[in-house]
Amino acid sequence: MKRTVSCCKLIVLILLALNAPADPVWSQTKTRLSIATGGTGGVYYPLGGGMAALISKHLPATEATAEVTTASVDNMKLIHTNKVALALTQADIALDAYQGQLKGLNEKIGVRSLLALYSNYMHMVSLEGSGIKTVADFKGKRVSTGAPGSGTEIKGLRVMEAYGLTPKDLRSQERLGAAESAGALKDRKIDAFVWDGGLPTAAILDLAATPGIKIHLIPHGDAVPKMAAKYGPLYFVGTIPKGVYKGVEQETPVAVLTNLLVTHERLEENLAYQITKLLLERTDDLVAVHKAATEITLKSAAVGSPVPFHPGALRYFKEKGVKVPTATP
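Residues numbered from 1 in each chain as written. Predicted model: local features only at pLDDT ≥ 70, side-chain atom pairs only at ≥ 80, totals over all residues. Heavy atoms only, no water.

J.: Any chance you could explain the packing of aromatic side chains here in plain terms?
T.: In this description, a pair of aromatic rings is defined by centroid distance and the angle of the planes. Enumeration over the complete set of coordinates arrives at three aromatic pairs. Between Phe 309 and Phe 317 the ring centres are 5.6 Å apart and the planes differ by 90°, which places this aromatic pair in the edge-to-face class. Owing to a relative accessible area of 7%, Phe 309 belongs among the buried residues under this scheme. Judged by relative accessible area, Phe 317 falls into the buried class, the value being 0%. A connected cluster of aromatic rings, assembled from ring pairs, spans Tyr 273, Phe 309, Tyr 316 and Phe 317. Directly above the aromatic system of Tyr 231 lies the positively charged group of Arg 158, at a separation of 3.8 Å from the ring centroid. Between the NZ or CZ atom of Arg 315 and the centre of the ring of Tyr 273, over which it lies, the distance is 3.9 Å. (Phe/Tyr/Trp six-rings, centres within 6.5 Å; stacked < 30°, edge-to-face > 60°. Buried < 20%, exposed > 50% of the residue type's maximum accessible area, 1.4 Å probe, protein only. Lys NZ or Arg CZ within 6 Å of the ring centre and 35° of its normal.)

Written as structure tokens, this is what we have:
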């Protein structure tokens, strides 16, 4: 009799378990997001990693990871093919993608901005004593013009173009990322390199701090009017302040443009809203990752995008009373 009662109790317990609501930890499906960034020697990767950490920590049932890429051009292709949900990119490359003029892809990409981030400063780096003091001095030299698929390469070649130079005028054109370019210059395998990034860029900091090395930043602010005339008012003149990099004791006027955090128009509106809200309300966490994030503010985040903002981002800016300028290339 006791055995029969025990069996009955067991059956009841099993039936209760089957009808009980599932544990929310197991029933909740996680949204997984990839953020396309850049190489490890620049700003995109650490900043994207900081964004991924914030999203994973503060957005329920959402997990984000930062992906190493060759940066802006490839990031737009990854957005287009739905291999990533978010991407960091230069404004000029976003515009090329939006207009269907992206190198290697003759299709319009439904790219939408979430927020403008910080300014990218074009670094043209040589060594003291190399004889390279101007962009015109690149002629006949070994120069790295940036990784294939990077915004650095596109922008760097546009600066060179303003001085009447093409890759054919170089003794050799290397196509290396920031860390690889800095290493090649240190080893005297190249004579100069081009890098477009925030201040400071880790790879150039390390190069400038190397014993026996004194870097020279090549001024080229006078290229900007020609670049803007041909490619639109995306570029402006900015200054790399003296002392940012060891041994550079003069201000350097350079070509500057805005970086963006973008997504595809297909991203669900509420998720875009939540990401925009989170990143703009926790900018201190991003500054702790990289000081370039000090440029990110509520008002500046709505300015500088040549492509339309995502409806989710617009919803957040409207809540905060921030006027978003019409995107004009």
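Now that the structure has been shown, the text picks up again.
J.: Would you explain the pairing of strand 3 (residues 86-90) in this entry?
T.: For a regular strand, side-chain orientation follows a simple rule: the groups alternate between the two sheet faces. Summarising burial for strand 3: five of the five residues are buried, a large majority. Side-chain alternation along strand 3 places Leu 86, Leu 88 and Gln 90 on one buried face and Ala 87 and Thr 89 on a second face that is also buried. Direction of pairing for strand 1 (residues 31-36) relative to strand 3: parallel, over a ladder of two bridges. Within strand 3, the position partnered with Ile 35 by the bridge is Leu 86. Of the pairings in the sheet, the one linking strand 3 to strand 10 (residues 252-264) comprises five bridges and is antiparallel in character. Each residue of the ladder has a partner; that of Gln 90, found in strand 10, is Asn 259. (Helix = DSSP H or I, 4+ residues; strand = E, 2+ residues; numbered from the N terminus. Pairing = 2+ DSSP bridges.)

J.: What is the right way to read the nonpolar core from this model?
T.: For soluble globular proteins, the rule of thumb is that nonpolar side chains tend to be buried together. Core analysis: the largest hydrophobic core is formed by 41 residues, its most contacted members being Met 76, Ile 109, Met 124 and Phe 138. Contributions of two or more residues to this core are made by helix 4 (72-80), helix 5 (91-98), strand 4 (111-127), helix 6 (151-162), strand 7 (192-197), helix 9 (224-231) and strand 10. The residues touching Phe 138, leaving out its near neighbours within four places in the chain, are Met 124, Ile 132, Val 143, Met 160, Leu 165, Leu 170, Ala 192, Val 194 and Ile 218. Core analysis: the next-biggest nonpolar cluster, separate from the first, contains 39 residues, Leu 115, Leu 117, Ala 292 and Val 322 among them. (Core = buried A, V, L, I, M, F, W, Y, C linked by side-chain atoms within 4.5 Å. Contact = heavy atoms within 4.5 Å.)

J.: Would you mind going over the environment of Arg 282 with me for this structure?
T.: In this fold, Arg 282 is placed in the loop between helix 10 (269-281) and helix 11 (283-289). The class for Arg 282 is partly exposed, based on a relative accessible area of 34%. Taking the C-alpha atoms as reference points, Arg 282 and Thr 152, separated by 130 residues in sequence, lie 28 Å from one another. Arg 282 has contacts with Leu 54 and His 58, leaving out every residue within four places of it along the chain.

J.: Before we go on, may I ask you to explain the confidence of the model for the protein chain in this structure?
T.: Reading fine detail from the predicted coordinates is not recommended where pLDDT is low. Residues at a pLDDT of 70 or more form 91% of the protein chain, whose mean pLDDT is 91. When the criterion is pLDDT under 50, residues 1-27 qualifies, and its contacts beyond four places in sequence or with other chains add up to one contact. (pLDDT = per-residue confidence, 0-100.)

J.: Just to check I follow, could you spell out the environment of Gly 140 for this structure?
T.: Tracing the backbone shows Gly 140 in the loop between strand 4 and strand 5 (142-144). Considering only alpha carbons, one finds Gly 140 and Arg 171, 31 residues apart in sequence, at a separation of 4.4 Å. When sequence neighbours within four positions are dropped, the list of residues in contact with Gly 140 reads Asp 169, Leu 170 and Arg 171.

J.: Would you mind showing me how to read the pattern of salt bridges here?
T.: Should the charged atoms of two oppositely charged side chains come close, the side chains can pair. Enumeration over the complete set of coordinates arrives at twelve salt bridges. A salt bridge links Lys 277 to Glu 281; the nearest nitrogen and oxygen atoms lie 3.3 Å apart. One end of the pair is Lys 277 and the other is Glu 281, both in helix 10 and four residues apart, which spans about a single turn. Lys 277 sits in the partly exposed class, given a relative accessible area of 28%. By sharing partners, the salt bridges in this structure join Asp 92, Asp 96 and Arg 158 into a single network. (Salt bridge = Lys/Arg side-chain N within 4 Å of Asp/Glu carboxyl O.)

J.: Please clarify how the side chain of Asp 196 should be interpreted in this entry.
T.: Structurally, Asp 196 can be placed in strand 7. On the accessibility criterion, Asp 196 (3% relative accessible area) is buried. A distance of 3.1 Å separates a polar atom in the side chain of Asp 196 from a polar atom in the side chain of Asn 120. In terms of polar contacts, Asp 196 uses its side chain to reach the backbone amide nitrogen of Met 122, at 3.1 Å. Not counting residues within four places of it along the chain, the set of residues in contact with Asp 196 comprises Gln 90, Asn 120, Tyr 121, Met 122, Thr 152, Lys 155, Ala 255 and Leu 257. (Polar contact = N/O pair within 3.5 Å; in protein donor to acceptor, adjacent residues only side chain to side chain.)

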